[in-house]
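Residues per chain are reported as follows:
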Amino acid sequence: MENIAHKWPPTKAADQLGAMFAARFSEVSPSTGASGMYTPTAFREARLPELHAAIDAIAFASLISTTATGLQVSHIPLLLAPEEGACGTLYGHVARANAHAACSGASSLAIFLGPQAYISAGWYTGKQTHGREVPTWNYIAVHAHGTLETFDDPAALRRLLVQLTERHERAMPQPWRLDEAPVDDIDRNLAAITGLRLPIDRLEGKWKLSQNRNEADREGVLYGLDGMADEGSRTMAAAMRAANGKGTVR
């Protein structure tokens, strides 16, 4: 099995954004049997710092909780507190009218999806030689498992909003601060939301970046992605280049 190095420099440009999601790859032992994401060894990332870096970079998740009546799903920004617990803790909030506000104690999963792109079978060298190739999809994903907790303490909610705002405003030329809003408006909004806390029991990481293909096939994939006009393909190409430790592939 090839061992492919990944790097993680957080940058803005589309051709550099993919590198932000490409952490160093190393083989780890297969899954212990716990239910979760199908992850062949070639694509598995289990190092906590790399998984935490991906969560922070992606920042937006699909939160899925099991309830007596079925699954409850919300798409929300989540903030990682890496120092809380063995695997870290996630924080977010939903409207009180959202059924997720009543899911305290529910077994939950937060899915963070990073760069993703379609990979054509025509980009592999085998297409021209034997034709036995099929298309696939490359992507980076992190799954965070845990038991959901809720809170409604106004002081705790305010601290969360301050932290979320600082996290997402930090790239702005003139960052907005929560205390710029009228106090009564902040209080009214605090009364309308419920805080969510997800202590992470288990993390899964999948970096599917053509590590299972040979060098010629990876170069063909990069050439194909470079020819696409969409930002997702360019971001995936950047992630693959970072994974292979290459600035350009031609």
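What you see is a predicted model, and the numbers here were worked out from it, not measured in a lab.

Conventions adopted
- Residues numbered from 1 in each chain as written.
- Predicted model: local features only at pLDDT ≥ 70, side-chain atom pairs only at ≥ 80, totals over all residues.
- Heavy atoms only, no water.
- Helix = DSSP H or I, 4+ residues; strand = E, 2+ residues; numbered from the N terminus.
- Contact = heavy atoms within 4.5 Å.
- Areas by Shrake-Rupley, 256 points an atom, 1.4 Å probe, with all protein chains shown as cover.
- Core = buried A, V, L, I, M, F, W, Y, C linked by side-chain atoms within 4.5 Å.
- Buried < 20%, exposed > 50% of the residue type's maximum accessible area, 1.4 Å probe, protein only.
- Salt bridge = Lys/Arg side-chain N within 4 Å of Asp/Glu carboxyl O.
- pLDDT = per-residue confidence, 0-100.
- Expected span 1.5 Å × (residues − 1).

The subject of this paragraph is the overall build of the protein chain. Along the protein chain, the regular secondary structure elements total 7 helices and 9 strands. For the protein chain, the proportion of contacts with a sequence separation of at least 24, taken over those separated by at least 6, is 69%. Just so you have it, the protein chain exposes about 12,700 Å², and 55% of that area is on carbon and sulfur atoms.

To continue, consider the nonpolar core. Among soluble globular proteins, nonpolar side chains are generally buried collectively. Core analysis: the largest hydrophobic core is formed by 39 residues, its most contacted members being L90, A110, F112, V142, L203, L209 and L225. Those elements giving two or more residues to this core turn out to be α2 (48-58), β2 (60-67), β5 (89-95), β6 (107-119), β7 (136-147), β9 (193-208), α6 (215-226) and α7 (231-244). Contacts of V142, omitting those with residues within four sequence positions, involve L51, A54, I55, A110, I111, F112, L203, E204 and W207. Among the nonpolar cores identified, the runner-up in size contains 14 residues, and L79, A156, L164 and I186 belong to it.

So, on to the pattern of salt bridges. One pass over the structure, following the stated rule, counts 13 salt bridges. A salt bridge links D56 to R170; the nearest nitrogen and oxygen atoms lie 3.4 Å apart. In this pair, D56 sits in helix α2 while R170 sits in the loop between α4 (154-169) and α5 (183-190), placing the two residues 114 residues apart along the sequence. Note on D56: relative accessible area 33%, which makes it partly exposed.

Predicted confidence across the protein chain gives a mean pLDDT of 86, with 84% of residues reaching 70 or more. Within the model, pLDDT remains below 50 along residues 19-33, and this stretch shows 63 contacts once partners closer than five positions in the same chain are excluded. Note that residues 246-250 has pLDDT below 50 and, in this model, 13 contacts with residues that lie over four places away or in other chains.

Before going further, it helps to examine unusual backbone geometry. Despite not being glycine, A59 has its phi angle at roughly 70°, a positive value. Take A59: it is sitting in the loop between α2 and β2. We classify A59 as buried; its relative accessible area is 7%.

Turning our eyes to something else, we now look at the environment of L71. Mapping L71 onto the fold places it in strand β3 (residues 70-77). Residues L71 and S108, spaced 37 residues apart in sequence, show a C-alpha to C-alpha distance of 9.4 Å. In this structure L71 touches I64, S65 and T66, once residues within four positions along its chain are discounted.

This paragraph deals with α7. Helix length check: α7, at 14 residues, gives a terminal C-alpha distance of 20 Å against a target of 20 Å (1.5 Å per residue), a fit within 8%. The element α7 is largely enclosed, with a buried count of 11 among its 14 residues. By the burial criterion, the buried members of α7 are S233, T235, M236, A237, A238, A239, M240, R241, A242, A243 and N244.

All right, on to the environment of Y38 then. Summarising the element assignment, Y38 is placed in the loop between α1 (14-20) and β1 (44-45). For Y38, a relative accessible area of 66% translates into the label exposed. Expressed as a C-alpha distance, the spacing of Y38 and E204, which sit 166 residues apart in the sequence, is 9.6 Å.

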